[in-house]
Amino acid sequence: MTQHVNSRRGSSRRAVLKGMAAAGVATIASPFVVRKLAAADPIRIGVLSPVTGAWTVYGAAHSRGFELAVEEINAAGGVLGRPIEMVLADYQTDQRLVVEHANRLIRQEKVDLLAGTFSSADRNAAGPVVKAADKLLLYPTWYEGQIKDYYPGVCNKNIFMFGPEPTQQVWPFMEYMVKNHGNKFYMIGSDYAWPKVTNLFTKEKLAELGGETVAEVYIPFNTPQYESVLRDIREKKPDIIFHSLTGSDTVNFAQQFHAAGMNKDFTYWTVDDEEVVTSGLGPEVSAGHFVSFDYFMTISHPNNKAFLQRYQAKYGADALMNTVGVGMYNAAHMGALAIAKAGKVETAAIREALKELEFADAPQGPVKMRGLDNQIVVPSYLMKVRAGWTSVNDMFEEVMTVPSVEPKDARCDLPL
Amino acid sequence: MEILVSVLADTVLITLVLAFAAFGLAIIYGLTGVINMGHGAMLTLGAYFTWWLLDQGVPFVPTVLLSALAVGLVGLAFEHLLIRHFYGRPFDTLLLTWAFFLVTTEVIKIVFGTDFRNVADPIGGDPVNLGIYQVPTYKTVVALLALAVVAGTALVFFKTTLGVRVRAMTQNREMAGLLGLNVAAMYKLVFGFGAAMAGLAGGVIAPMFAVQPYMGDMFLVRSFFVVTIGGIGQLLAGTLFGSFAIGGLETVLALFSDQVIAQIAVFFIAVIVLRFRPQGVFSGR
């Protein structure tokens, strides 16, 4: 997908470099020409993807998930007889650029709706833009759930959540983990909203189950050293390390945890390490970790097999997919279904059509968008990292599956 | 007692690992005066070369040596093509080396991909249990290697004619040139060696960290603090003290507070120190 952007930019840059007025006019005029020539006006969707910067590692699956879905929709004849055109913008993991690109996509590229952003901070940056411009944003990532304080990043009628929140990602497995691995939790996470709210929910459920949180530690981004935390873990003797570090910090921590010989002494449960991160950990360091998400490449659902076949045919046998990529994939398909149902490309109509919309072909199993709070209802999987895995295709084994998990109602003024 | 021993041991290990990561910068920035914003990218490049060579089946020790050599050559080429025209113009070199970081990072993404890459611990196995302290084996080896590299360089720097020449060059470039030293070659040598040291460090620490295109960023700011706190051009004492102040101290402080506060406190202390000793703790200049 980067090529897509590069070629667009590259061609316009080359044209400018010629420095001729004629070339300049041609560049400006070309959209009109294209529009007249096209059989039908495409429906344009702006995709905000972190192709560079700190979340680069997630960028590929993120943009590819959407791209694959768009290709499938167009191959099947498009929506309302019109093809879908994806306009990719790389916001370089910079929230200022999220705002800039969201505005540019809406005002200059005239997109009909937006999809993407990765972290909650990115989404919160886009919130005011989509509110002011009255455009939809389809958000793909697992996140902390909606609390009114963060409006308009959440609790925003124009933002639809295609990733799981903590009561879907964590709660379904709490009883199993406490029963089989112990009830003393040591919580370690990155120092921002998602880990803190995830831990808040986890503590609530843990207290219900009679468990105990022995420590709750937050680590600044880009921390290379974990010695003091490892020492603290040894002293407090928890049963389960409940882990919500993100990005490269999760790899740095897990590697040092393993080097300190602690893998065998503690149960390690992470709500962050999907395929991307676990690949970075390698088979030795990650062996035996528990991971929970709404999607894994190794789940046995028949939808997934067909989906991966198409995905890997397009991007190669080693191409990574993960929960975010699938969130983007579902967002594109459900966006298209909603437009078809609405019969027109207009924000209010698509918004109404998305509510209670079901999508039976989702790779993780059938999903449904709630009308009440714009939160997706998804399956949830607890997996264990297989010892000696060789690729993403044999990385996880299923421990427990819940085919459909309703979230806790968002703490917003409902209905949205 | 147990805590004291383990904190002490951790502090020493962290200090030495950070000193290793910062050493390439200490050489380039300290001796040639080039504000090398590309230091992080050089570390990252070393880590990626290491990952790639291991993937090709090359054993670990030759791999990291080759990685150091390769990054050293990249550094030499960069110096020859661009940097050598800009010595004595710190702001220009800052922009140039920043460009080096941007270009190198994009090239890494194109060549090696954007996924996390994994370099397995070459020693592996459990830490050695000494009763009061569990010695993490690989990290200890890295720390000892860091000590050897820093001390070895210092030995060359202070005890050989080559060292005298380099020192002459850093103290008074024009005079050294007038006295017949080939200053241009010396700068090239120092720059290339600094780059190679960054590449070596990147390769050696790769098994301890996430190998991804922005890996070196984690050490860029810390390395600059290490060098400025220790004293620019103070290769041995300066690098070790600076690494303790930026890395080791954090572990000690984390005993009394949490990690967030410890990290803020460390940089706060660093800023205070620089306010009163802008030339760095060990600089006589």
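Figured I'd write up the structure that's included with this text. For clarity, every value in this text was computed on a predicted model and none was experimentally measured.

So, the overall build of chain A
Next up, step 1: When helices and strands are counted, chain A shows 14 helices and 14 strands.
Next up, step 2: Since a compact globule built from 416 residues should have a radius of gyration of about 22 Å, the 22 Å found for chain A is in line with a globular shape.
Next up, step 3: Across its three principal directions, the C-alpha atoms of chain A cover 70 × 45 × 40 Å.
Next up, step 4: By residue count, 61% of the 416 residues in chain A fall in the buried class.
Next up, step 5: For chain A, the share of sequence-separated contacts (at least 6 apart) that also reach a separation of at least 24 residues comes to 70%.
Next up, step 6: Looking at chain A, you have 42 positive and 46 negative side-chain charges, and the mean spots of the two groups are 6 Å apart.

Remarks on the pattern of salt bridges
Residues and elements named next belong to chain A.
Next up, step 1: In the structure shown here, the tally under the stated rule is 26 salt bridges over all chains.
Next up, step 2: Measuring nitrogen to oxygen at the nearest pair gives 3.5 Å for the salt bridge that ties Asp134 to Arg351. Residue Asp134 is found in the loop between α5 (120-133) and β4 (137-139), and its partner Arg351 is found in helix α14 (residues 347-354); the two are separated by 217 residues along the sequence.
Next up, step 3: Residue class for Asp134 comes out partly exposed when judged on its relative accessible area of 35%.
Next up, step 4: In this structure, a network of salt bridges that share partners links the residues Arg44, Glu85, Arg104 and Glu109.

A closer look at the state of the cysteines
Residue and element names in this part refer to chain A.
Next up, step 1: For the structure shown, the criterion picks out one disulfide over all chains.
Next up, step 2: One disulfide bridge connects Cys155 with Cys412, the sulfur atoms lying 2.0 Å from each other. What sets the handedness of the Cys155 and Cys412 disulfide is the S-S torsion sign, and at about -70° it is left-handed. With a gap of 257 residues between them, Cys155 in the loop between β4 and β5 (159-161) and Cys412 in the segment after β14 (396-405) connect regions that are remote in the sequence.
Next up, step 3: Cys155 sits in the buried class, given a relative accessible area of 8%.
Next up, step 4: Assessed through its relative accessible area of 12%, Cys412 is described here as buried.

Looking at the interface of chain A and chain B
Next up, step 1: Facing 37 residues of chain A, the contacting portion of chain B comprises 35 residues.
Next up, step 2: With both sides pooled, the region where chain A packs onto chain B buries about 3100 Å², and carbon together with sulfur makes up 54% of that total.
Next up, step 3: On the chain A side of the contact with chain B, Gln225, Glu227 and Arg231 of chain A bury the most area, a combined 20% of that side's loss.
Next up, step 4: Where chain A meets chain B, there are three salt bridges.
Next up, step 5: Of all the secondary structure elements, the ones that give two or more residues to the side of chain A that touches chain B are α3 (56-75), β7 (212-219), α9 (227-236), α10 (247-259) and α11 (275-286) of chain A.
Next up, step 6: Tallying contributions element by element places α10 of chain A first for the side of chain A that touches chain B, with seven residues.
Next up, step 7: Of the residues in the side of chain A that touches chain B, the class split is 15 nonpolar, 16 polar and six charged.

Definitions and limits used
- Residues numbered from 1 in each chain as written.
- Chains lettered and ligands numbered in written order.
- Predicted model: local features only at pLDDT ≥ 70, side-chain atom pairs only at ≥ 80, totals over all residues.
- Heavy atoms only, no water.
- Helix = DSSP H or I, 4+ residues; strand = E, 2+ residues; numbered from the N terminus.
- Rg over C-alpha atoms; globule rule 2.2 N^0.38 Å.
- Buried < 20%, exposed > 50% of the residue type's maximum accessible area, 1.4 Å probe, protein only.
- Contact = heavy atoms within 4.5 Å.
- Lys, Arg positive; Asp, Glu negative; His and termini not counted.
- Charge placed at Lys NZ, Arg CZ, Asp CG, Glu CD.
- Salt bridge = Lys/Arg side-chain N within 4 Å of Asp/Glu carboxyl O.
- Disulfide = S-S within 2.5 Å.
- Buried area = accessible area lost by both parts, 1.4 Å probe.
- Nonpolar A, V, L, I, M, F, W, Y, C, P; charged D, E, K, R; others polar.

Function cannot be inferred from these measures alone, as they are strictly geometric.
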